[in-house]
Amino acid sequence: GGITYKYALNGSAVYTIVGSNTSATVLIPPLSNGSHTISVRAVDAAYNYSELATLSFTINAPDTTSPGVGGVSPISATVGVAQTYSANYSDNIGVVSCQLVYDDLGYVPMTVAGGVNGTATKSYTFSSVGSHTLQAKCSDAAGNTGLGLVITITVSAVPDTFAPTVGAISPAAATANSAQSFTN
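Heads up: these notes are all about the structure in this document.

Of the regular secondary structure elements, the chain holds zero helices and 13 strands. In the chain, the succession of helices and strands from N to C terminus is β-β-β-β-β-β-β-β-β-β-β-β-β. The C-alpha radius of gyration of the chain comes to 36 Å, more than 25% above the 16 Å expected for a compact globule of 184 residues. Overall, the chain is about 135 × 25 × 20 Å in size when its C-alpha atoms are taken along their principal axes.

If you want it as structure tokens, here you go:
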């Protein structure tokens, strides 16, 4: 009679397949990166069992997934005042670095907090009033790069909160119906 083989993948339930006296083909479903084990035992028609054979193997598929990166916030700033900007990110393996891209011209490193999911932050000070753009750019260890949405930031002037002052006026006396000069 024929030989059947009983196998288990990663300690899962035992499966039975029919093969020849020397081999059988097993179709293994896709596996994640990491260590795996398959254990096989042959059974003949008289229910005699072979010794258990075990094979351990590791899958190290290349990481081709770019990090997902959210938009930068907040969306307003005051010229000359430091503002902390942040962007959320996620990656299947983990983000190792992020940069804040400003006005599509410059890049400054952001602080990365977290690995697979996290938030990147950077304090930045705009030097001119008007509309500016910000974008977060994050990379993983495999060099895959993800870009967040380009966000338009409105940078306003420092508000004037001081009232003007008036000191003593001189001269103390004036002549009626004549032009006078006063100094403050």
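Let's shift gears to the nonpolar core. The biggest cluster of nonpolar side chains holds 21 residues, and the ones touching the most others in it are Val-72, Tyr-85, Cys-98, Leu-100, Phe-126, Leu-134 and Ile-153. Counting only elements with at least two residues in this core, the list comes to strand S7 (83-90), strand S8 (95-102), strand S9 (106-114), strand S10 (117-124), strand S11 (130-140) and strand S13 (151-156). Leaving out residues up to four positions away in the same chain, Phe-126 has contacts with Ala-77, Val-79, Gly-80, Tyr-85, His-132, Leu-134, Ile-153 and Val-155. Core analysis: the next-biggest nonpolar cluster, separate from the first, contains six residues, Ile-3, Leu-9, Ile-17 and Ile-38 among them.

A few words now on the packing of aromatic side chains. In this structure the tally under the stated criterion is three aromatic pairs. Taking the centre distance of 5.0 Å and the plane angle of 85 degrees together, the rings of Tyr-124 and Phe-126 count as edge-to-face. Take Tyr-124 and Phe-126: they sit in the same class, and that class is buried. An aromatic cluster is defined as three or more aromatic residues linked by ring pairs; in this entry it consists of Tyr-85, Tyr-102, Tyr-124 and Phe-126.

The subject of this paragraph is the environment of Ser-97. Its location among the elements puts Ser-97 in strand S8. With relative accessibility at 33%, the residue Ser-97 sits in the partly exposed group. Remark: the alpha-carbon pair of Ser-97 and Ala-113, spanning 16 residues in sequence, is separated by 9.8 Å. Excluding residues that lie within four positions of it along the chain, Ser-97 makes contacts with Val-112, Lys-137, Cys-138 and Ser-139.

One pass over the structure, following the stated rule, counts one disulfide. With a sulfur-sulfur separation of 2.1 Å, Cys-98 is cross-linked through a disulfide to Cys-138. Since a negative S-S torsion denotes a left-handed disulfide, the Cys-98-Cys-138 link at about 105 degrees is right-handed. Taken together, the residues Cys-98 in strand S8 and Cys-138 in strand S11 connect sequence positions 40 residues apart. Judged by its relative accessible area of 3%, Cys-98 falls in the buried class. On the basis of relative accessibility, which here comes to 1%, the residue Cys-138 falls in the buried class.

Inspection of the secondary structure assignment puts Ile-59 in strand S4 (residues 53-59). Remark: the alpha-carbon pair of Ile-59 and Gly-34, spanning 25 residues in sequence, is separated by 5.3 Å. When residues no more than four places from it in sequence are discounted, the contact partners of Ile-59 are Leu-31, Ser-32, Asn-33, Gly-34 and His-36.

Looking now at the pairing of strand S3 (residues 34-43). As judged from the six bridges shared by strand S1 (residues 3-9) and S3, these two strands associate in the antiparallel manner. Opposite Tyr-5, over in S3, you have Ala-42 as the bridge partner. Relative to S4, S3 runs antiparallel, the two being bridged by seven bridges. Bridging across to S4, Ser-35 finds its partner in Thr-58.

We now examine the pairing of S10. Alignment of S7 against S10, held across eight bridges, turns out to be antiparallel. Paired with Thr-84 across the bridge in S10 is Ser-123. Looking at chain direction, S9 and S10 are connected through four bridges and run antiparallel. Bridge pairing links Val-112 to Ala-120 in S10.

What counts and how
Residues numbered from 1 in each chain as written. Predicted model: local features only at pLDDT ≥ 70, side-chain atom pairs only at ≥ 80, totals over all residues. Heavy atoms only, no water. Helix = DSSP H or I, 4+ residues; strand = E, 2+ residues; numbered from the N terminus. Rg over C-alpha atoms; globule rule 2.2 N^0.38 Å. Core = buried A, V, L, I, M, F, W, Y, C linked by side-chain atoms within 4.5 Å. Buried < 20%, exposed > 50% of the residue type's maximum accessible area, 1.4 Å probe, protein only. Contact = heavy atoms within 4.5 Å. Phe/Tyr/Trp six-rings, centres within 6.5 Å; stacked < 30°, edge-to-face > 60°. Disulfide = S-S within 2.5 Å. Pairing = 2+ DSSP bridges.

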